[in-house]
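Structural description and commentary
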Amino acid sequence: MADSHIAPLEPITAADGTPLKKKLAQALFRSKVRAVSLVVPLFAFVMVSFVIPIFALMWQGVYNERFSKYTPNLTEQLTSWDGLTEPDEALFAALVADLVVAKKERTIGRIATRVNQEYPGTRSLFTSTARKAKKLTPPFKESVIKVNKKWAKIEVWRAMKLTSQNLTPAFYATALDGRYTVDQGFVQQNENRQIYVTLFWRTFMISASVMGLCLLLGYPVAYLLATLPLRTSNLLMIMVLLPFWTSLLVRTTAWIAILQSQGVINDLLVTFGITADDSRFSLIYNMTGTIIAMTHILLPFMILPLYSVMKTIPPSYMRAARSLGATPTRAFIKVYMPQTIPGVGAGGLLVFILAIGYYITPALVGGQDGQLISNMIAYHMQKSLNWSLAAALGGILLSGVLLLYWAYDRVVGIDNMKLG
Amino acid sequence: MAKLPPYTSTGEYIWHYIYRGICGLIFLFLILPILVVLPLSFNVEPYFSFTSGMLNFDAEAYSLRWYGDILRNGMMAPDEAFSWAWVSDTWDNSQWMRAIRNSFFIGICATLLATALGTLAAIGLARSEMPYRRLIMSILISPMIVPLIITAAGMFYFYSQVHLSQTYLGVIMAHAVLGTPFVIITVTATLVGFDKSLVRASQSLGAGALTTFYKVQMPLIVPGVIAGGLFAFITSFDEVVAVLFLASPEQRTIPRQMWSGIREQISPTILAVATLLVILSIILLTILELLRRRSERLRGISNT
């Protein structure tokens, strides 16, 4: 270096002789450790009781070892089989060997259920053949087909080949109304068997309409609360906060009492002679009921963020616009509304995120056409016990929600989330 | 009501009142469903609708029978005379009493856990030295965002493998984790306005870290902590999806009992319970409002 002849400056030291720079780095490191150690307990708790369970379930959506676990011989043979040629004797022999063991160990039910998910209608094929498996004699190909002609169908073997693969895209394919096949990859399911995409679409539409209704009803109220004197607005705020704090089930129950065919609204309409007694409106146990009840439940989540944004807008802006000659409508649209966009974004996203995963209210007041994707996930978790499909449906829902959450963080910032 | 300025035109005048009317209707929409429940719970008939007797304010059309049913349903000998045996019978055997006991037990345990962990984490997150602050915050808030059905299904799947499902501990853990985001949000909100020089002042006056925490920091964040705790409690108290998946009949809570009440045998007992819950939420709301005022007053003093 050119100026190396200049003697280096003596480093400034702390009282104990260590350089100040080092000392500062130590102090910063210590305070970092302190901050981290405060967060670690909760982080560990959330990981163990929340994040890991969800990942464990999501993993089931692409990984299912039910078949291969109980049919070691058959899985080995199926892996080497190309799925196009006629199944040979070695495959049939492996099938019989595994069925005999499965019958003895009582695991046949699980195997049959798993294949049945891939190729409906094959459950009894497995259970009935397993009962006779012990008595079968070689050549197995003929004796097995003799027990049930279905074994000659190559589709059954292809289904088994698919289920023998632990890591499989098949459940996601089903969740998107498709099928994953050995020979053609993904194929679209027949028109009349497409249910999940329709359901995702309906969930999206219902959430969007609930969001729209909440905005429509929440905006005027939030504006009123923000412009009234504090004393009055605090009183009116109770009307927003009380529903917010009241149990979800209480509010759903209340809507049943109001909307059912013998309920308050229909009774009123009949009493005033607007409708006849035998043509009462069906307002509940359908999509209308779901939308009304969900709008009521989520409305406070729209009003509160809107209110907190509107509260910060100085009223003098509107007066300035008026004094410059704008009509009240024009002043409102051109000056006031653009300033409320952050609130609209925050409230709208929050309502949409909460609505898209709603379960309780649709389950209780939704009837047939008011069910959302959550209800289907619950069905597959509790009734059909196809957890992998539930995980795949949940995975799609979860990625949608996380995307919105990311957007929310971008628009609002999660540290700015306010409650009441 | 705010006076309209003198330059208001007739059109604006009319619109002003129409607008007030619309807002009034929306407020009705918000509050009416909750108010409708109250009179219906005193119905003498086992229906969910107003009878003609109720509309005529006939005293005989009203009764407390559904409130009695909360105590009696499931008892061994409900028709005995009132005595200690009757009380202990209610306490042990009434379905609703069991649900109430469970709800409070699970709610209080989950609240304590969520508040303790959440407050510590919020204090840590408020420090500027915290690395990956944003990422960690978004993970810790996520239990509030992830659809409950996914959370509940995941917990059901995972907890049954580690033998936590169908236990009190499993339900408490689930409710605690669902309550922590609220604690973090409310405590963070109180910490945002926290003047750091107060801590330095306290330390320069010779107070240790613990003394500073108890004497300076804590009194200022306590309202936030209590508010967060109340949120965590109401979250647990109102939660039903995780209970549906994780709890056995032994751990039935009030919302779970209401759920099966609505699904299976719809009776006004549910409305009586709903009324009690509305009263509870009014109490909690009042506490929260008092806390808010206290916090505002404290801050008002510290700002001058």
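What counts as what
- Residues numbered from 1 in each chain as written.
- Chains lettered and ligands numbered in written order.
- Predicted model: local features only at pLDDT ≥ 70, side-chain atom pairs only at ≥ 80, totals over all residues.
- Heavy atoms only, no water.
- Helix = DSSP H or I, 4+ residues; strand = E, 2+ residues; numbered from the N terminus.
- Rg over C-alpha atoms; globule rule 2.2 N^0.38 Å.
- Buried < 20%, exposed > 50% of the residue type's maximum accessible area, 1.4 Å probe, protein only.
- Contact = heavy atoms within 4.5 Å.
- Areas by Shrake-Rupley, 256 points an atom, 1.4 Å probe, with all protein chains shown as cover.
- Lys, Arg positive; Asp, Glu negative; His and termini not counted.
- Charge placed at Lys NZ, Arg CZ, Asp CG, Glu CD.
- Domains from an automatic or database assignment.
- Buried area = accessible area lost by both parts, 1.4 Å probe.
- Salt bridge = Lys/Arg side-chain N within 4 Å of Asp/Glu carboxyl O.
- Polar contact = N/O pair within 3.5 Å; in protein donor to acceptor, adjacent residues only side chain to side chain.
- Nonpolar A, V, L, I, M, F, W, Y, C, P; charged D, E, K, R; others polar.
- Core = buried A, V, L, I, M, F, W, Y, C linked by side-chain atoms within 4.5 Å.
- 1 Å grid on protein atoms, 1.4 Å probe; cavity = no way out; pocket = protein on both sides within 12 Å on 5 of 7 lines; lining within 4 Å.
- Points joined across faces, edges and corners; volume = space filled by probe spheres on them.
- pLDDT = per-residue confidence, 0-100.
- Phe/Tyr/Trp six-rings, centres within 6.5 Å; stacked < 30°, edge-to-face > 60°.
- Expected span 1.5 Å × (residues − 1).
- Pairing = 2+ DSSP bridges.

Some remarks on the overall build of chain B
For chain B, the helix and strand inventory stands at 13 helices and zero strands. Mapped in sequence order, the helices and strands of chain B form the string α-α-α-α-α-α-α-α-α-α-α-α-α. Over its C-alpha atoms chain B spans a radius of gyration of 25 Å, topping by over 25% the 19 Å that the globule rule assigns to 304 residues. C-alpha atoms of chain B, sized along the principal axes, occupy 70 × 70 × 40 Å. For chain B, the residues scored as buried account for 52% of the 304 residues in total. Of the contacts formed within chain B by residues at least 6 apart in sequence, a portion of 62% connects residues at least 24 apart. With an accessible surface of roughly 14,700 Å², chain B has 66% of that area assigned to carbon and sulfur atoms. The centroid of the 20 positive side-chain charges in chain B is displaced by 16 Å from the centroid of its 17 negative side-chain charges.

Things to note about the overall build of chain A
When helices and strands are counted, chain A shows 19 helices and two strands. Its C-alpha atoms give chain A a radius of gyration of 32 Å, more than 25% over the compact-globule value 22 Å for 420 residues. Along the three orthogonal principal directions, the C-alpha set of chain A runs to about 105 × 95 × 35 Å. A total of 420 residues make up chain A; the buried ones form 49% of that total. A fraction of 67% describes how many contacts in chain A between residues 6 or more apart in sequence connect residues 24 or more apart. Summing over all exposed atoms, chain A offers an accessible surface of approximately 20,900 Å²; the carbon and sulfur share of this is 63%. Across chain A, 39 positive and 23 negative side-chain charges occur, with their mean positions spaced 8 Å apart.

Focus: the domain arrangement of chain B
Splitting chain B by domain gives domain 1 (1–38), domain 2 (41–93) and domain 3 (97–303). The distance between the C-alpha centroids of domain 1 of chain B and domain 2 of chain B comes to 40 Å.

Some words on the interface of chain B and chain A
Taken residue by residue, the interface counts 87 residues in chain B and 88 residues in chain A. When chain B packs against chain A, close to 8,200 Å² is buried across both sides, 82% of that on carbon and sulfur atoms. A per-residue breakdown of the area chain B buries against chain A is headed by B:Phe27, B:Ile145 and B:Tyr157, which together make up 9% of the total. Along the contact surface separating chain B from chain A lie two salt bridges. A salt bridge links B:Glu12 to A:Arg322; its shortest N-O distance comes to 3.5 Å. Taken together, the links from chain B to chain A amount to 10 residue pairs in polar contact (both at pLDDT 80 or more). A class-by-class count of the residues in the side of chain B that touches chain A yields 68 nonpolar, 10 polar and nine charged.

Considering the nonpolar core
Residues A:Trp245, A:Ile360 and B:Met258 are the most contacted members of the largest nonpolar core, which totals 185 residues. Not counting the four nearest positions on each side in its chain, A:Trp245 is found in contact with B:Leu230, B:Phe231, B:Ile234, B:Ser281, B:Leu284, B:Leu285 and B:Leu288. Formed by 29 residues, the second largest nonpolar core is a distinct cluster that contains A:Ala102, A:Ile108, A:Phe126 and A:Val144.

Re the layout of surface pockets
The calculated volume of the second largest pocket comes to roughly 1,300 Å³. Looking at the second largest pocket, it is lined by 34 residues, and the ones nearest its centre are A:Tyr223, A:Thr227, A:Met318, A:Phe332 and B:His16. Mapped onto the lining of the second largest pocket, the elements with two or more residues apiece are α10 (196–227), α15 (316–323) and α16 (328–356) of chain A together with α1 (10–40) of chain B. Ranked by residue count, the leading element in the lining of the second largest pocket is α16(A), at seven residues. Taken together, the residues of the lining of the second largest pocket sort by class into 23 nonpolar, five polar and six charged.

Considering the confidence of the model for chain A
Residues at a pLDDT of 70 or more form 97% of chain A, whose mean pLDDT is 88. Per-element confidence in chain A ranges from a low mean pLDDT of 82 for strand β2 (residues 185–188) of chain A to a high of 95 for α10(A).

Here's the deal with the packing of aromatic side chains
All names here are of chain A. For the structure on display, the rule yields 29 aromatic pairs over all chains. The interplanar angle of 85° and the centroid separation of 5.3 Å between the aromatic rings of Tyr-223 and Phe-332 together place this pair among those described as edge-to-face. Of this pair, Tyr-223 sits in helix α10 while Phe-332 sits in helix α16, and the two are 109 residues apart along the sequence. Judged by relative accessible area, Tyr-223 falls into the buried class, the value being 18%.

Some remarks on helix α11 (residues 230–245) of chain A
Turn by turn, an α-helix covers 3.6 residues, leaving residues three or four places apart pointing in a common direction. For α11(A), spanning 16 residues, the distance from its first C-alpha to its last is 21 Å, which sits close to the expected 22 Å at 1.5 Å a residue. Buried residues of α11(A): A:Ser233, A:Leu236, A:Met237, A:Val240, A:Leu241, A:Leu242, A:Pro243, A:Phe244 and A:Trp245, and no others.

What about the pairing of β2(A)?
Residue and element names in this part refer to chain A. Where strand β1 (residues 178–181) meets β2, four bridges bridge the pair, whose relative direction is antiparallel. Counted as the bridge partner of Tyr-180 is Phe-186 from β2. Here β1 folds back onto β2 in antiparallel fashion, the turn holding three residues.

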